[in-house]
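Below are the chains, spelled out letter by letter.
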Amino acid sequence: MSPLDEGDQLSMMPPEEKPDPLLCWLWLAHVLGPASPHAEQLVDWCDDPVRIWEERDTLAFRGAAGPAAAHRAQNPNCTPWSFRPLAAQCQRMGVRILTYDDSDYPLSLTRIPDLPLVLYCTGSPSWLNAPGRVGMVGSRRPDNYGRQAAASIGQSLARSGAVIVSGLADGLDSESHRAAVESNAPTIGVQGVPIDRTFPASNRTLRQKMEENGCVISEYAPGEEYSTKASFLQRNRLIAGLSQVLVVLEAREKSGTMSTVAHAERYQRPVYAVPGDINRDNASGTNRLIQSGRARMLLGAEDLLEPLGLTGAPEASAAPAVQGPALSAKERRVLACMKREPMSVEELASGCGIPAGALSAVLMGLVLSGYVKQLPGQRYCLL
């Protein structure tokens, strides 16, 4: 059932007052559709959803959103108000709606070109911005070697403070999540189905445990129609985008796992692969990634601790607190581009797509809010 179906009995004629920004985000996400290549371009043009709704008839909107989305935006039965039932349904179900400007929206996704304007989340969304996020992916039909690698590496990473990110699918996704759960550590599941479903259904118990100390997210609203093949491939980009590094545990050369690797390369995320027996088909993909230089060889969790800035087990497994005042969309974009190492204004302007003149004002606000440190020579770094 489409989110609009439930609201057919409501009047689609907008009232005189401006619509709620949340409803505008839901409308805009529906208009663009999942994994839209125009998403980043659109929020670069305007990150105010109410203004976007008001300017949906303009050439500027058409240029930013693309002709297909611009056509869908003219549907008289598709307005922000028609998404009231969906917003109410999510509230009843305990599903958190994370919009692009929400304080818990993943900073790491704000600078990918096909970013999701809306995510649906169960559990604690604070983990989406926690440090040490490691994507772990691999075969849905692993052998014992792959399962042992997922358990060993996953548990060691989790006990060192990493947050495991995977797809909640059969096989090594489940093994990676389970390694974190058994270590009483957080893990993030990225679904390719609507947030009110669990696929496979056999992972319902695992999902419940993940939500107690972690979260599950999806691009798809409760009850939303979706194409299974397309949705899982689209889901793979979110795993890559959320992760600071991507680990391939075991995979064939031609597999869905390789689409996640391609996204990680597109987003400039480091890729690591666990080597395997050259005579095993399940290791052909990981070995080829290493041989071709597309991935670094991973022999154990300790290989990732320094790149991730992890030094040992965390003091407590609690969701990170939200720091400081609410951030604007531009401030979140700048933070997503910053590192612990000093960066110049020019480097930041190139990375986040904001002109240097406008960027200076954003940086000053981040310094005053306690997110960023200013260094001599007009250089900045994360605190």
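Residues numbered from 1 in each chain as written. Predicted model: local features only at pLDDT ≥ 70, side-chain atom pairs only at ≥ 80, totals over all residues. Heavy atoms only, no water.

S.K.: Which parts of the structure should I look at to understand the pairing of strand β12 (residues 379-382)?
M.R.: Bridge analysis of strand β10 (residues 343-344) against β12 gives two bridges, and the strand direction is antiparallel. Across the sheet, residue Met343 finds its bridge partner in β12, namely Tyr380. The pairing of strand β11 (residues 372-375) with β12 spans four bridges and is classified as antiparallel. From the neighbouring strand, Gln374 faces β12, where its bridge partner is Tyr380. The antiparallel pairing of β11 with β12 creates a hairpin that spans three residues between the two strands, and Gly377 there sits at a positive phi of about 80 degrees. (Pairing = 2+ DSSP bridges. Helix = DSSP H or I, 4+ residues; strand = E, 2+ residues; numbered from the N terminus.)

S.K.: I keep staring at the confidence of the model for the protein chain and nothing clicks. Help me out?
M.R.: The predicted coordinates should not be examined in detail at positions where pLDDT is low. Averaged over all residues, the pLDDT of the protein chain is 90; the fraction at 70 or higher stands at 92%. Scored below 50 in pLDDT, residues 6-13 shows 11 contacts in the model against residues more than four places distant or in partner chains. (pLDDT = per-residue confidence, 0-100. Contact = heavy atoms within 4.5 Å.)

S.K.: Would you mind going over the packing of helix α7 (residues 144-159) against helix α8 (residues 172-182) with me for this structure?
M.R.: Any two packed helices are characterised by the angle at which their axes cross and by the distance between the axes. Two elements in contact, α7 and α8, have axes whose closest approach is 8 Å; the angle formed by their N-to-C orientations is 35 degrees. As for the relative orientation of α7 and α8, their crossing is right-handed in sense. When α7 is examined against α8, the residues Gly146, Arg147, Ala150, Ala151, Gly154, Gln155 and Ala158 are found in contact with a partner set consisting of Leu172, Glu175, Ser176, Ala179, Ala180 and Glu182. In the contact of α7 with α8, the residues fall into six nonpolar, four polar and three charged. (Axes fitted to C-alpha atoms, helices over the stretch in contact; angles between N-to-C directions. Left-handed = near helix turned anticlockwise from the far one by under 90°. Nonpolar A, V, L, I, M, F, W, Y, C, P; charged D, E, K, R; others polar.)

S.K.: I would appreciate a short explanation of helix α15 (residues 345-352) in the present structure.
M.R.: Residues Val345, Leu348, Ala349 and Cys352 constitute the buried set of α15. Projection of α15 onto a plane perpendicular to its axis shows the buried side chains occupying an angular sector of 100 degrees, all on one side. Of the exposed residues in α15, the ones pointing more than 90 degrees away from its buried face are Glu346 and Ser350. Looking at the buried positions of α15, the neighbouring elements they touch are α14 (329-337), β10, α16 (356-369) and β12. Where α15 ends, the next residue or the one after it, Gly353, has phi of about 75 degrees, a positive value. (Buried < 20%, exposed > 50% of the residue type's maximum accessible area, 1.4 Å probe, protein only. Arc of directions from axis to C-beta.)

S.K.: Would you take a moment to explain the pattern of salt bridges for this structure?
M.R.: Two side chains with opposite charge may pair up if their charged atoms get near one another. For the coordinates displayed, the defined rule picks out 18 salt bridges. Glu40 is paired through a salt bridge with Arg111; the nearest N and O atoms lie 3.1 Å apart. Taken together, the residues Glu40 in helix α2 (residues 39-45) and Arg111 in the loop between β1 (96-99) and β2 (118-123) connect sequence positions 71 residues apart. Glu40 gets classed as buried once you look at its relative accessible area, which sits at 15%. (Salt bridge = Lys/Arg side-chain N within 4 Å of Asp/Glu carboxyl O.)

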